[in-house]
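Reading the structure
Each chain, letter by letter, is given below.
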Amino acid sequence: MTIKPLIILPDPVLRQVSTPVEAIDDDVRRLADDMLETMYDAPGIGLAAIQIGVPKRLLVLDVTKESEERRPLVFINPEIVRSSDERSVYEEGCLSIPDYYAEVERPAAITVEYLDREGKKQAVEADGLLATCLQHEIDHLNGVLFIDHISKLKRDMVIRKFTKAAKMRGSHAI
């Protein structure tokens, strides 16, 4: 397993819409394993393939607490098939937008259909943190970031901050 470098805002790769995984083979399973290792190393609770520069509809999650045994989850070609009318608000962060957090309102419960790492069709009914995390990561697969769910003023400030930081990093590489 390999820890992969994370794509950071304002990289336009994060706005790409990911394409479905056509065949689930050892390469896809290896990618999922690399993503899990990258996520745990960051540390984070979710990671979409696009966040390591792979525009495929694949995401990994583990919403267990630090004191609990890890329970890694792999979702291939996930699709939200039901969303509750009830809403919930969680403070979200993102490995591609380091050290920035904001409250985001989303459906409180969802049903997601997906393929597991063996290619079997599965469905999960999720609420709480799992529902929020799944929606956040599926947004990534659609080129949407959690900052798209906050006010334009706050979003523009965040984008400016990260654009400036990227320019500063670039100038040090010369």
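Residues numbered from 1 in each chain as written. Predicted model: local features only at pLDDT ≥ 70, side-chain atom pairs only at ≥ 80, totals over all residues. Heavy atoms only, no water.

Filter applied, for reference: UniProt positions are given in the numbering used here, feature names are shortened, and annotations may be inferred rather than shown by experiment.
The name given to the chain in an unreviewed UniProt entry is Peptide deformylase, and the organism recorded there is Sinorhizobium kostiense. As recorded by UniProt, the Catalytic activity (unreviewed entry) comment attached to the chain reads in full: "N-terminal N-formyl-L-methionyl-[peptide] + H2O = N-terminal L-methionyl-[peptide] + formate".

So, the UniProt feature "binding site: Fe cation" (unreviewed entry) in the chain
Stated formally: In the cavity and pocket records, a cavity denotes points on a 1 Å grid over the protein atoms alone where a 1.4 Å probe fits but cannot get out, a pocket denotes an open set with protein on both sides within 12 Å along at least 5 of 7 lines, and lining residues are residues with an atom within 4 Å of a point. Here a strand is any run of E in DSSP of at least two residues, a helix any run of H or I of at least four, and the numbering for each starts at the N terminus. Residue contacts follow a heavy-atom distance rule, with two residues in contact if any of their heavy atoms lie within 4.5 Å.
Using the residue numbers shown here, the UniProt feature "binding site: Fe cation" (unreviewed entry) corresponds to C94, H136 and H140. In terms of the greatest pairwise C-alpha distance, the residues named above, spread along 47 residues, form a tight cluster of at most 10.2 Å across. Lining the largest pocket, from this annotated set, are C94 and H136. Positionally, C94 belongs in strand β4 (residues 87-94). Setting aside residues no more than four positions away along its own chain, C94 makes contact with Q51, Y100, H136, H140 and F146. Position of H136 relative to the elements: it lies in helix α2 (residues 128-141). Each residue touching H136, except ones within four places of it in the same chain, is listed here: E92, G93, C94, R106 and F146.

What to know about unusual backbone geometry
Cis geometry marks the peptide bond from L9 to P10, where omega comes out at 10°. Inspection of the secondary structure puts P10 in the segment before α1 (26-41). Following A42, the chain continues into P43 via a peptide bond in cis, with omega recorded as -10°. For D99, which is not glycine, the phi dihedral falls at a positive 65°.

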